[in-house]
Amino acid sequence: MGQRWYYYTILAALQAFTVRDKIITHAWSPASSITLTHQHAYRDVLLHHHQQQKITRSKTTAATTTTALYSTSSNSSTPNIAPKPKQLKKKNLRTFARHLEVECWKQPKVRDLERVFLAVSDACRQISRIVARAKTDDLYGVATNADGSQLDENVQGEVQQKLDVVCNEIMLRALCGCSSSIAAVASEEEDEPRTCCDIMGDSAFSVGEYVAVFDPIDGSKNIDSSLPVGTIVGIYKAEDGAAQASLETFKQNGNNMVAAAYCLYSATTVLVVTLGSGVDGFTLDPDRGVFLQTHPDIRIPDKGPIYSFNEANFHEFTEPVQRYLDSTKAGNGVIGKGCNARYVGALVADVHNILTNGGVYGYPGTISNPNGKLRLLYEGCPMSVIIEQAGGAGSTGTQRILDVNPDEIHQRVPMFLGSSENVYEVDQFHRYYGDAEAN
């Protein structure tokens, strides 16, 4: 009975003496009857109880903090470890479709090309997705037949890549299927031009007044290394207006080209277009899937610090080009001491860099290939039209690229594109040392 009374006494004391987690002194009449041993035990129990309350309070605080950190919303099972960042605000930019609408209203002569370039932008968006998925969708490497054998080399003597074949088909159907404006097309990947009637299987598609030339995927070998590639398009007015396009329809010099565009597939997808009245650039918005005008009225600097040549071929270059490069690297040219070498290996990527920062891109002839490797119709003329519309220049070293009259549709020419002063300097080296080399 005494022991039980002792524990009841302790319990009563715990309730009476613990106020706001503090031990306070309280007059308690039965205390005098508790022996010293009981008083010590009573003190120990109180202290132990107080410590237990502190531990319990600490655990409760930690549990509350943990619950707050890892609490989940009703719509998601993902832990809310940190607050979500604010959504980035989109710029209010003009769409490519709106730009075409305005430009074609201002220039009635190119009004029929509005749907053509809308189709080109759609094709570029498709190719951009294909390029991004090339590895996961097994689109790398050499194109093969159904039996697994390698396709024959194209007219250029080059082995076709899988992407060349896929992108070529996309561009053919985009240009011919968008409207009745394009009568025929010529592709770098095919031996001869083709009518849109042949491509679409309907004679209604071969009554247009225009013909298109294009390189569906420039620098396709870069894909294996995840480097930039591009697409190039040029539009001519058909001289004869015939339903069946002949070779003569395509053998026009670049001065007759009415519009041109290229699309760069890199860190961003950029479409650069000219309709004959300046150059504008559009970046693909991956969220909306539309091209937005991010580079209005592009102007290339009069001179720039970049020279873009494949210097692995230096000893194959002609004397004028070798002397020009030596002078440039020595700081004696228009670039001065601050020259920079940049070379990606894809025409679209290198020229876009020059267009943005200024300088000169060069793919000259060599001892083994005096006319170089770039095609006049599919690459030289469209890129020269864009560069000249932006205030730059395009030259073969001896004449303006747009003045060259093609002898055949796959003709090659040496090519120098870029800032007017840089290209003029290249021409001067050809004029002086070219004559000496000929003698």
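In case you missed it, the structure is sitting above this.
Values in this document were obtained by computation on a predicted structure and should not be read as measured data.

Colleague: Tell me about the nonpolar core, residues and numbers included.
Modeller: Among the nonpolar cores identified, the biggest contains 47 residues, and F117, V185 and I235 are the most heavily contacted of them. At nine residues, the largest contribution of residues to this core is made by helix α4 (residues 114-132). Core analysis: the next-biggest nonpolar cluster, separate from the first, contains 44 residues, I232, Y363, L376 and L377 among them.

Colleague: Describe the layout of surface pockets, with residues and values.
Modeller: Computed from the structure, the second largest pocket encloses a volume of approximately 370 Å³. Secondary-structure elements contributing two or more residues to the lining of the second largest pocket are β9 (279-285) and β10 (290-295). The dominant element in the lining of the second largest pocket, judged by the number of residues it contributes, is β9, at three residues. Its residues assigned to classes, the lining of the second largest pocket shows five nonpolar, four polar and six charged.

Colleague: An account of the packing of aromatic side chains is requested, with residue identities and associated values reported.
Modeller: For the structure on display, the rule yields six aromatic pairs. Ring centres 4.8 Å apart and planes at 85 degrees place the aromatic pair Y432 and Y433 in the edge-to-face group. An aromatic cluster of three or more residues is present, and its members are F309, Y324, F416, F429, Y432 and Y433. Residue placement shows K329 over the ring face of F314; its charged tip is 5.1 Å from the ring centre.

Colleague: Describe the side chain of E379, naming the residues involved and giving the relevant values.
Modeller: Mapped onto the elements of the fold, E379 is located in helix α10 (residues 376-389). A distance of 2.7 Å separates a polar side-chain atom of E379 from the backbone nitrogen of R375. With sequence-adjacent residues up to four places away left out, E379 is seen in contact with E188, D215, D218, I232, L347, L374 and M415.

Colleague: Summarise helix α9 (residues 347-357); cite the residues concerned and give the values.
Modeller: In terms of burial, α9 is largely enclosed, as eight of its 11 residues are buried. Of the positions making up α9, those classed as buried are L347, V348, A349, D350, V351, H352, I354 and L355. G358 sits one or two residues past α9 and shows a positive phi near 90 degrees.

Colleague: Report on the packing of helix α3 (residues 96-106) against α4, specifying residues and quantitative values.
Modeller: Look at α3 against α4: their axes get within 10 Å of each other, and the N-to-C directions meet at 160 degrees. Between α3 and α4, the angle falls in the class roughly antiparallel. Crossing hand, α3 versus α4: right-handed. Along the contact surface, α3 presents F96, A97, L100, E101 and C104, while α4 presents E114, F117, L118 and S121. Here the residues of the contact of α3 with α4 sort into six nonpolar, one polar and two charged.

Colleague: Tell me about the pattern of salt bridges, and name the residues and values.
Modeller: Counted according to the given criterion, the structure contains 15 salt bridges. We note a salt bridge from D122 to R125, for which the minimum N-O separation is 2.6 Å. Of this pair, D122 and R125 are both found in helix α4, three residues apart, which corresponds to roughly one turn of the helix. D122 sits in the partly exposed class, given a relative accessible area of 34%. One salt bridge in this structure joins D198 and R194, with 3.1 Å as the shortest N-O distance. A relative accessible area of 46% places D198 in the partly exposed class.

Colleague: Any details on the sheet that holds strand β3 (residues 182-187)? Residues and values, ideally.
Modeller: One open sheet holds the eight strands; their spatial order is β4-β3-β5-β6-β7-β8-β9-β10, and the pairing between them is mixed. Bordering the open sheet on either side are β4 (194-195) and β10, each of which pairs with just one other strand. Judged from the five bridges that link them, β9 and β10 form a sheet pairing that is antiparallel. Bridging across to β10, T283 finds its partner in L292. Most of the contacts of α9 go to strand β7 (residues 257-265), to which it runs at about 100 degrees, and overall it touches β5 (210-218), β6 (229-237), β7 and β8 (269-274). Against the sheet, α10 touches β3, β5, β6, β7, β8 and β9, its axis set at about 95 degrees to β7.

What counts and what doesn't
Residues numbered from 1 in each chain as written. Predicted model: local features only at pLDDT ≥ 70, side-chain atom pairs only at ≥ 80, totals over all residues. Heavy atoms only, no water. Core = buried A, V, L, I, M, F, W, Y, C linked by side-chain atoms within 4.5 Å. Buried < 20%, exposed > 50% of the residue type's maximum accessible area, 1.4 Å probe, protein only. Helix = DSSP H or I, 4+ residues; strand = E, 2+ residues; numbered from the N terminus. 1 Å grid on protein atoms, 1.4 Å probe; cavity = no way out; pocket = protein on both sides within 12 Å on 5 of 7 lines; lining within 4 Å. Points joined across faces, edges and corners; volume = space filled by probe spheres on them. Nonpolar A, V, L, I, M, F, W, Y, C, P; charged D, E, K, R; others polar. Phe/Tyr/Trp six-rings, centres within 6.5 Å; stacked < 30°, edge-to-face > 60°. Lys NZ or Arg CZ within 6 Å of the ring centre and 35° of its normal. Polar contact = N/O pair within 3.5 Å; in protein donor to acceptor, adjacent residues only side chain to side chain. Contact = heavy atoms within 4.5 Å. Axes fitted to C-alpha atoms, helices over the stretch in contact; angles between N-to-C directions. Parallel < 35°, antiparallel > 145°, perpendicular 65-115°, else oblique. Left-handed = near helix turned anticlockwise from the far one by under 90°. Salt bridge = Lys/Arg side-chain N within 4 Å of Asp/Glu carboxyl O. Pairing = 2+ DSSP bridges.

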